[in-house]
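Descriptive structure summary
Now for the letters of each chain:
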Amino acid sequence: IFHINKSYNKTEYANAKGILVVSLVSQFVLSVLVAFAIFSFKPILVKFFFREVLADTFINIILVYFVIHSLIYNLSNVFGSFQKHFIFQLRDHLIVIFAFLFSMLLLDYGFSVNAMPMSHLIAGIVVLLIYLILYKTNLKQLQVKAHYSYNTVKEVFSYAIAVSFG
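Right, let's walk through the structure included here. (Residues numbered from 1 in each chain as written. Predicted model: local features only at pLDDT ≥ 70, side-chain atom pairs only at ≥ 80, totals over all residues. Heavy atoms only, no water.)

1. Quick word on the overall build of the protein
Worth spelling out the cut-off: Under the scheme used here, helices are H or I runs from DSSP no shorter than 4 residues and strands are E runs no shorter than 2 residues, and both carry numbers assigned from the N terminus. Partly exposed describes any residue whose relative accessible area lies between the buried limit of under 20% and the exposed limit of over 50%, with all areas from a 1.4 Å probe on protein chains only and scaled to the type maximum. Accessible areas in this description were obtained via Shrake-Rupley with a 1.4 Å probe; residue shielding takes into account the shown protein chains only.
For the protein, the count of helices and strands is seven helices and zero strands. Tracing the protein from N to C terminus, the helices and strands come up as α-α-α-α-α-α-α. Taken over 166 residues, the protein has a buried fraction of 34%. A total accessible area of about 10,200 Å² is found for the protein, and carbon and sulfur atoms account for 72% of it.

2. Considering the side chain of Ser 70
How we decide: For this analysis, a polar contact is any N or O atom pair within 3.5 Å, provided that within protein one partner can donate a hydrogen and the other can accept it, and provided that sequence-adjacent residues contribute only side-chain to side-chain pairs. Contacts are residue-level and defined by heavy atoms, with any inter-residue pair within 4.5 Å sufficient.
Following the sequence through the fold, Ser 70 ends up in helix α4 (residues 54-81). Ser 70 gets classed as buried once you look at its relative accessible area, which sits at 14%. Polar side-chain contacts of Ser 70 include one of 2.7 Å to the backbone oxygen of Val 67. Setting aside anything within four residues of it in sequence, one finds Ser 70 in contact with Gln 27, Phe 28 and Ser 31.

3. Some details on the packing of aromatic side chains
Two numbers describe a pair of aromatic rings. These are the distance of the centres and the angle of the planes. Filter applied, for reference: Only Phe, Tyr and Trp rings are paired, with Trp represented by its six-membered ring, and only when their centres lie within 6.5 Å; those with planes under 30 degrees apart are stacked, over 60 edge-to-face, the remainder tilted.
Counting across every chain of the model gives three aromatic pairs. Consider the rings of Phe 79 and Tyr 131, whose centres lie 5.6 Å apart with planes at 55°: the pair is tilted. Remark: Tyr 131 occurs in helix α6 (residues 115-138) and Phe 79 occurs in helix α4; sequence separation between them is 52 residues. Just as Phe 79 is buried, Tyr 131 falls in that class too.

4. Observations regarding a nonpolar patch on the surface
We count it as follows: Surface patches are drawn from residues lacking salt bridges whose relative accessible area is over 30%; two like charges belong together within 9 Å, two nonpolar side chains (Val, Leu, Ile, Met, Phe, Trp, Tyr) within 5 Å. Each salt bridge in this description consists of a side-chain nitrogen of Lys or Arg and a carboxyl oxygen of Asp or Glu lying within 4 Å of one another.
Side chains of Val 25, Phe 28, Val 29, Val 32 and Leu 33 sit close together on the surface and give an oily, nonpolar patch of about 410 Å² of accessible area. Within the fold, Leu 33 resides in helix α2 (residues 13-40). A relative accessible area of 52% places Leu 33 in the exposed class.

5. Concerning the nonpolar core
Just so we agree on the cut-off: Working definition of a nonpolar core: buried Ala, Val, Leu, Ile, Met, Phe, Trp, Tyr and Cys residues. They are joined through side-chain atoms within 4.5 Å.
Judged by nonpolar contacts, the single largest core of 22 residues is most densely connected at Phe 79, Tyr 131, Tyr 135, Leu 139 and Leu 142. Counting residues per element, the ones that place at least two in this core are α2, α4, α5 (85-108) and α6. The greatest single-element share of this core, amounting to seven residues, is contributed by α4. Residues in contact with Leu 142, not counting those within four places in the same chain, are Tyr 13, Ala 16, Lys 17, Leu 20, Val 78, Phe 82 and Tyr 135. Ala 35, Val 46, Ile 59 and Leu 63 belong to the second-largest nonpolar core, a separate cluster that totals six residues.

Quick look at the structure:
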């Protein structure tokens with residue numbers, strides 16, 4: 001958000017979009033790698049940790065949600081950078097509301113244990129679609145071709161690493 005704000009204040013929208021794309025792609029790749037690592041150890045987790053066959057499906061659903069949530073989180077943060085705080089703050093509320101509604105619906109149709117992770121996955125997909133629509137309709141400034149600068153990308157990753165390790 002810091003680097004997008006820096007570009008936004010100078011009305012360098014192409015740079016801001018470049019930063020958004022770099023952060024979206026890097027977080028997506030990282031979340032896919034983490035999900036793949038957990039997926040690789042899933043048989044061990046199911047057999048020795050959970051000791052329940054239903055955990056296999058549960059883990060699959062949660063791993064897909066994990067990847068989707070990284071996109072939701074990053075996309076919603078852009079609205080905070082562009083001073084659209086109401087849309088930015090909606091993220092968690094929308095996920096909870098949709099997860100509740102879909103869990104009630106899935107429980108009514110006989111999904112028992114997997115109703116909650118499945119409802120979160122469906123809610124995540126719905127919220128991601130909502131944020132993509134809001135991005136297209138409310139952030140006209142970013143409807144430009146992204147500009148990528150080596151120094152900016154380096155600065156974004158340096159900042160992210162410093163924040164990650166405290």
